[in-house]
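Below, each chain spelled out in residue letters.
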Amino acid sequence: MAEDKNYTNNKERPREDEELEIDLMEYVRKLWAARKVLLKAAGIGAIVGVIIALSIPKQYTVEVTLSPESGKSGGGSLSGMAAMLGIGGMSLGSEADALNVSLFPDIVASTPFILELFNAHVTTLDGEVDTTFVAYLDEQKAPWWGAVMGLPGAAIGGVKSLFSDKEEEEGNKLDPFHLTEDQAKKVEAMRKAITADVDKKTGITTVTVTLQDPMVTAAITDTVVVKLQEYITAYRVSKAQQDCAYLEQLYKERQQEYYVAQQNYANYMDANKGVVLQSALTERERLQNDMNLAYQVYSQVATQLQVARAKVQEAKPVFAVVEPASVPLLPSGTSKKVILVGFIFLAVAGASAWILFGREFFENLKAGLNAPQEGMEKK
């Protein structure tokens, strides 16, 4: 019985293969018969592809790779310095850093950081545009369909501008707390053009800028890196600078107290030369103790001040630029050839699907909708 089943299965498989081969051949015949239609679809796809490819402006991308080192990691050297100076009990900044590397993308995308780039000076490669970055955004080209879709909004904005002179007067003012509609659009455009990505394993930060001019792209990338370094440096040294400023003030106060105690002791010694009374000796000892105590406090504060000044320098982060910014020679993004081939493929694929399946499905659907109406008419 098993042999009979195997024989039956082997006998049925060739039939299925033959049916599948017949179906494929039928599809090929249909497509060959409609080859003129496919050629027309390919031509239409090529025309649309050329229009789309020529309408999309060129984009240039610059990437800068950074390897940041936290200045907090240097607490060991400062602890050694403090131990040498006899103040080993001091806390020297080994605390956790609230602004770590993983927050760099959020910093670059934040509105205050973006607003600092508004007035960055840029010059195009051909030298025709020499202005600020925010003004350069108005010089960038957009696809024709973007302009068409933006016509309703531009019309509404034009009507609003006729009735709101105040907005035009305040349009040049930059208030991070209350941005105008145009400023908010510029911030969003910059946020899309400027991105940062962090490798969580290695901590390597990649800053990417994509704009339409290669020179402007490289310049803005370099500016973003500088601003990011300044932002991180200002944050990390702020606490150390506050401690240093406090110790500076304390140092001056203790110095003045020591000078006063020293002067009081000197004046008393000058006024009581040769006096052997016990009360005079006691007063001299008291003034000498006050002077020694003031000197000890003054000396300790002076040592702490030196360590705090070193801590300010130690807290500054070091950014190793692995890959610096350079003017790109070739545009980025999808090439025009790929866009052209893609539209030709989509046009031919769509026409083939219509010939093989869509036309028959549409005719069956149309026949099914007309059948009930014919039956009603006969009745």
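What you see is a predicted model; the values in this text were computed from it and never measured.

Chemist: Help me understand the overall build of the protein chain in this model?
Modeler: Of the regular secondary structure elements, the protein chain holds 13 helices and six strands. For the protein chain, the proportion of its 379 residues judged to be buried stands at 28%. In the protein chain, of all internal contacts separated by at least 6 residues, the share reaching a separation of at least 24 is 79%. When the accessible surface of the protein chain is split by element, carbon and sulfur atoms take 58% of a total near 25,400 Å².

Chemist: Just to check I follow, could you spell out the packing of helix H11 (residues 214–271) against helix H12 (residues 278–315) for this structure?
Modeler: Any two packed helices are characterised by how steeply their axes cross, that is the angle between the axes, and by the distance between the axes. Between H11 and H12, the least distance of the axes is 8 Å, while the angle of their chain directions is 160 degrees. Put simply, H11 runs roughly antiparallel to H12. Relative to H12, the crossing made by H11 is left-handed. Residues of the contact of H11 with H12, tallied by class, amount to 25 nonpolar, seven polar and ten charged.

Chemist: Even after reading the chapter, I still don't get the pairing of strand S5 (residues 205–211), so can you show me in this structure?
Modeler: Here S5 lies mainly inside the structure; six of its seven residues are buried. Joining the antiparallel neighbours strand S4 (residues 194–198) and S5 is a turn of six residues, in which Gly203 adopts a positive phi near 80 degrees.

Chemist: Can you help me understand the pattern of salt bridges in this one?
Modeler: Oppositely charged side chains may form a pair once their charged atoms are brought near each other. A full pass over the atoms with the stated rule returns ten salt bridges. For Lys186, the salt bridge is made with Asp138, and the minimal N-O distance between the two is 3.2 Å. Taken together, the residues Lys186 in helix H10 (residues 181–193) and Asp138 in the loop between helix H6 (133–136) and helix H7 (144–149) connect sequence positions 48 residues apart. We classify Lys186 as buried; its relative accessible area is 11%. Judged by relative accessible area, which is 53%, Asp138 ranks as exposed. Residues Asp243 and Lys311 are paired through a salt bridge, measuring 3.6 Å at the closest nitrogen-oxygen approach. With a gap of 68 residues between them, Asp243 in helix H11 and Lys311 in helix H12 connect regions that are remote in the sequence. The buried category is assigned to Lys311, whose relative accessible area is 13%. One salt-bridge network, held together by shared partners, links Asp138, Asp182 and Lys186.

Chemist: Just to check I follow, could you spell out a nonpolar patch on the surface for this structure?
Modeler: Taken together, the side chains of Leu125, Met215 and Val327 make up a nonpolar region of the molecular surface, amounting to roughly 230 Å² of accessible area. Structurally, Leu125 is set in the loop between strand S2 (121–123) and strand S3 (130–132).

Chemist: Explain the UniProt feature "transmembrane region" (unreviewed entry) in the protein chain here, please?
Modeler: Within this numbering scheme, the UniProt entry marks residues 37–56 and 338–357 as carrying the feature "transmembrane region" (unreviewed entry). Structurally, residues 37–56 comprises 95% helix and 0% strand, and the distance from its first C-alpha atom to its last is 29 Å. Annotation note: span residues 338–357, helix share 100%, strand share 0%, distance between end C-alpha atoms 28 Å.

Thresholds applied
- Residues numbered from 1 in each chain as written.
- Predicted model: local features only at pLDDT ≥ 70, side-chain atom pairs only at ≥ 80, totals over all residues.
- Heavy atoms only, no water.
- Helix = DSSP H or I, 4+ residues; strand = E, 2+ residues; numbered from the N terminus.
- Buried < 20%, exposed > 50% of the residue type's maximum accessible area, 1.4 Å probe, protein only.
- Contact = heavy atoms within 4.5 Å.
- Areas by Shrake-Rupley, 256 points an atom, 1.4 Å probe, with all protein chains shown as cover.
- Axes fitted to C-alpha atoms, helices over the stretch in contact; angles between N-to-C directions.
- Parallel < 35°, antiparallel > 145°, perpendicular 65-115°, else oblique.
- Left-handed = near helix turned anticlockwise from the far one by under 90°.
- Nonpolar A, V, L, I, M, F, W, Y, C, P; charged D, E, K, R; others polar.
- Pairing = 2+ DSSP bridges.
- Salt bridge = Lys/Arg side-chain N within 4 Å of Asp/Glu carboxyl O.
- Patch = residues over 30% accessible without salt bridge, like charges linked within 9 Å, V, L, I, M, F, W, Y side chains within 5 Å.
- UniProt positions renumbered as here; feature names shortened; annotations may be inferred.

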